[in-house]
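One letter stands for each residue in the lines below.
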Amino acid sequence: MPSVAPAPPSPTRSEPETGAHGARLTVDLGAIAANWRSLAAHGAGAECAAVVKADAYGCGIGRVGPALWDAGCRTFFVAHLSEGVAARAALPEAAIYVLNGLLPGTREAFAAHGLRPVLGSVEELADWAAFSGGRLPAALHVDTGMNRLGLPVPEALDRAGDPRIAAAGIDLILSHFVSAEKPEDPVNARQIADFARVRAAYPGLRGSLANSSGVFLDGAGHDLLRPGYALFGGNPKPGSANPMRPVVRLEALIAQVRAVEAGATAGYNGRWTASAPSRLATLSLGYADGFPRAISGRGQALVDGVPCPILGLVSMDLIILDVTAAPAARRGATAVLIGDGLDIDTVGRAAGTIGYEILTGLGSRYVRTYVESR
Ligand SMILES: *Cc1c(COP(=O)(O)O)cnc(C)c1O
């Protein structure tokens, strides 16, 4: 696995099209497939699934699903039934589990689309068992610490012989880490031990525990890995070099460049004041594109490789950069907001959030291009 990941190739330029939308989002399907293969290789014999909730972390299930299938992925997880329906359209033969479980009134739709609910309470188990008679597969969620979804460990142990569980067609038992990205957190070892105890009480069921960061924890592999974020280029090992290849690239066009004198302000509420004569560039992209307003005054973009600070407040449709140090900045030139080493984790930190939120927030106003790097 290369430690210095190759950047996704620049898409073939179609400037009038980018100009019409102001910005271009490029998704590298080849990098997603390579990331899946690299995570699968960590599994020591476990199957590697793909978590593709939130429209494949903002990258588009219609393209990402088939790319992962072609790479060899056969099991997928989404959050909502509606996402499962969209995933089914892209993946006619895959096993698709719906993590948020069985909400009242949805069981017919699960059956109609061949989707598998991840059942997380006795009510859900009974609802599904009454409907399916054990003939349709489902998973059982056990809560080892999140207190969010799933049977608490003592209840899962107590109910190991419960006929409602046998009657619900369970073929997989899963749990979810609280802090997998912090390997030093003692909660990981406790969850790994609790999950092993529950599995021992349910012999014959396959088990799944590891999200992206969990893939890198000892003892978390079980039968099925469930990475999401790392497939899309997020760093599953914060604080260490990112072993994944970057997947998304976001570029916006410069609409105007202007010179301002010391003392001039920029943007709403004049939050930035020039301390010296400066050159400012206005980018055709804003928070309505999913680029977070919280990055105001904190993030940067690259113009011809030169880091240029984002000034003042991000507007709905526009961002102002200080391009004093970037002579290449001119009308129609490209600024890179994600890519060329400015990765989603860095952008997330600058915005006071996590790369997950940057990815899943990416809007629909851009031109979208899919490429397949090798
Ligand atoms: C989102 C999610 C995952 C994937 O997590 P990543 O950190 O994105 O790899 C796995 N399992 C469950 C239950 C999830 O909700």
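Provided above is the structure to which this section pertains.
So, a few notes on the structure that sits alongside this text. Since this is a predicted model, take the numbers as computed values, not measurements. (Residues numbered from 1 in each chain as written. Predicted model: local features only at pLDDT ≥ 70, side-chain atom pairs only at ≥ 80, totals over all residues. Heavy atoms only, no water.)

So, about the site of the ligand. The ligand sits among 13 residues. The nearest are K53, Y57, S212, G228 and Y356. Y57 has a polar side-chain atom sitting 2.5 Å from an oxygen atom of the ligand. Within the complex, the protein chains bury 93% of what would otherwise be the 390 Å² of accessible surface of the ligand. The residue makeup of the shell around the ligand, split by class, is six nonpolar, four polar and three charged. (Near = heavy atom within 4 Å. Polar contact = N/O pair within 3.5 Å; in protein donor to acceptor, adjacent residues only side chain to side chain. Areas by Shrake-Rupley, 256 points an atom, 1.4 Å probe, with all protein chains shown as cover. Nonpolar A, V, L, I, M, F, W, Y, C, P; charged D, E, K, R; others polar.)

Counting buried positions along strand β15 (residues 278-283) gives five out of six residues, so the element sits mostly inside the fold. In the sheet, strand β12 (residues 248-260) pairs with β15 via six bridges, with the strands oriented antiparallel. Among the inter-strand pairings, A259 is bridged to a residue of β15, identified as R279. The pairing of β15 with strand β18 (residues 319-322) spans four bridges and is antiparallel. Bridging across to β18, L280 finds its partner in D322. (Buried < 20%, exposed > 50% of the residue type's maximum accessible area, 1.4 Å probe, protein only. Helix = DSSP H or I, 4+ residues; strand = E, 2+ residues; numbered from the N terminus. Pairing = 2+ DSSP bridges.)

Between helix α2 (residues 29-41) and helix α4 (residues 61-71), the shortest axis-to-axis distance is 9 Å and the interhelical angle comes to 45°. It follows that α2 is oblique to α4 by the angle criterion. Helix-helix and strand crossings are classified by hand; for α2 and α4 the assignment is right-handed. Taking contact as the criterion, the partners of L29, I32, A33, W36 and R37 in α2 are, on α4, R63, V64, A67, L68 and A71. Within the contact of α2 with α4, the residues separate by chemical class into eight nonpolar, no polar and two charged. (Axes fitted to C-alpha atoms, helices over the stretch in contact; angles between N-to-C directions. Parallel < 35°, antiparallel > 145°, perpendicular 65-115°, else oblique. Left-handed = near helix turned anticlockwise from the far one by under 90°. Contact = heavy atoms within 4.5 Å.)

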